[in-house]
Amino acid sequence: MAKRSTKDIDPTDAEHREVGGGLLEEQMGPSSSLAHLYRGEVHRMQVWRERLDQTTNWAVIVMSAIITWAFSSQTNPHYIVLLGTTALVAFLFIEAHRYRGYDLWRGRVRMFQRNVFAYGLDASGGLEEPDWRQKLGQDYRRPVIKISLEESVAHRLRRIYLFLFTVMLGAWGIHVVAFTTQPWPDSASIGPLPGLVVTGIVVALYLVAVGIAFRPRTWQAEDELHEQAVGSHR
């Protein structure tokens, strides 16, 4: 077994250029295995990004169709909007599941960018993760999801779904207050459930979504863009 070089473990070594610097040299150009590996990970990340967008597109289409139908006639029941909100919840969990997979591939891409490209372009800052090769090797041997379902739900709520839920809640509120022949809270009733109970359940569930989205937490997901407004405690 070859002796391990100090270049492999000392991020301050000026000669620590086996991977970072070599990637930018002619002999390790587009045909190198590392470059192919990076391109492959970018492609997988892009595929999962497109899957996320497809789910969001379907959620918006379904929401638009339901709201349009609900307000197309005064005799249409208000609870169809709540059924549409239930469909949005299903899309949210599907997208959250896909986001967990997307984060796995994005994490690998970011690891390459931080420890290979950034170091190859400017070695003065040293390696951000001196043991990045070991981490990446272990991840290839045994890929595991890095973030919880609750965190992935929070990410998707912040990005799009909390806004969609707000639109649906507003549409439902307008329907039960102004788009009916009965006064509120009677207009919000569903079968034997009184209008006040239905309204309380709807508002409570919305507040639960807000709590999941904005409660303080340590984010485990890999961030492509670091924004102060994200509220990360990393």
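Residues numbered from 1 in each chain as written. Predicted model: local features only at pLDDT ≥ 70, side-chain atom pairs only at ≥ 80, totals over all residues. Heavy atoms only, no water.

Student: So what's going on with the packing of helix α4 (residues 149-178) against helix α5 (residues 195-214)? Which residues, and what values?
Tutor: Interaxial distance between α4 and α5 falls to 8 Å at its minimum, and their mutual angle equals 150°. Between α4 and α5, the crossing angle belongs to the class labelled roughly antiparallel. Regarding α4 and α5, the two cross each other, and that crossing is left-handed. Residues E150, V153, A154, L157, R158, L162, F165, T166, L169 and W172 of α4 form the contact with α5, whose own contacting residues are V198, T199, V202, Y206, A209, V210, I212, A213 and F214. Its residues assigned to classes, the contact of α4 with α5 comprises 15 nonpolar, two polar and two charged. (Axes fitted to C-alpha atoms, helices over the stretch in contact; angles between N-to-C directions. Helix = DSSP H or I, 4+ residues; strand = E, 2+ residues; numbered from the N terminus. Parallel < 35°, antiparallel > 145°, perpendicular 65-115°, else oblique. Left-handed = near helix turned anticlockwise from the far one by under 90°. Contact = heavy atoms within 4.5 Å. Nonpolar A, V, L, I, M, F, W, Y, C, P; charged D, E, K, R; others polar.)

Student: Can you lay out the pattern of salt bridges for me, pointing to particular residues and giving the numbers?
Tutor: By the definition in use, this model includes eight salt bridges. For D53, the salt bridge is made with R49, and the minimal N-O distance between the two is 3.2 Å. In this pair, D53 and R49 are both assigned in helix α1 (residues 33-70), four residues apart and thus about one turn of the helix distant. Across the pair K146 and D139 runs a salt bridge, and its minimum N-O distance is 2.8 Å. By relative accessible area, which is 39% here, K146 ends up partly exposed. (Salt bridge = Lys/Arg side-chain N within 4 Å of Asp/Glu carboxyl O. Buried < 20%, exposed > 50% of the residue type's maximum accessible area, 1.4 Å probe, protein only.)

Student: How would you explain α4 if you had to name every residue and give the values?
Tutor: Residues spaced three or four apart along an α-helix face the same direction, because each turn holds 3.6 residues. Spanning 30 residues, α4 covers only 38 Å between terminal C-alpha atoms, well under the ideal 44 Å at 1.5 Å per step. A maximum bend of about 65° is found in α4 at R158. (Expected span 1.5 Å × (residues − 1). Bend = angle between axes of the 7 residues up to and from the residue.)

Student: Please provide a residue-by-residue account of the nonpolar core, values included.
Tutor: As a rule of thumb, nonpolar side chains are buried together in soluble globular proteins. The biggest cluster of nonpolar side chains holds 26 residues, and the ones touching the most others in it are L88, L157, Y161, M168 and W172. Those elements that place two or more of their residues in this core are α1, α2 (79-121), α4 and α5. In terms of residues, this core owes the most to one element, α4, which gives 10 residues. Apart from residues no more than four positions distant in its own chain, M168 is found in contact with M63, I66, I67, V81, G84, T85 and L88. Ranked by size, the runner-up nonpolar core spans 18 residues in total, among them L34, Y38, L52 and M111. (Core = buried A, V, L, I, M, F, W, Y, C linked by side-chain atoms within 4.5 Å.)

Student: Please provide a residue-by-residue account of the packing of aromatic side chains, values included.
Tutor: Note on aromatic pairs: each is described by the distance of the centres and the angle between the planes. Inspection of the entire model under this criterion finds three aromatic pairs. Seen in terms of ring centroids, F112 and W132 are 6.3 Å apart; in terms of plane orientation they differ by 65°. Their pairing is edge-to-face. Of this pair, F112 sits in helix α2 while W132 is found in helix α3 (residues 132-141), placing the two residues 20 residues apart along the sequence. W132 gets classed as buried once you look at its relative accessible area, which sits at 5%. Through a chain of ring-to-ring contacts, three or more aromatic side chains come together here, namely Y38, F112 and W132. Sitting over the face of the ring of W105, R44 holds its NZ or CZ atom 3.9 Å from the ring centroid. Over the ring of W48 we find R51; its NZ or CZ atom is 4.6 Å from the centre of that ring. (Phe/Tyr/Trp six-rings, centres within 6.5 Å; stacked < 30°, edge-to-face > 60°. Lys NZ or Arg CZ within 6 Å of the ring centre and 35° of its normal.)

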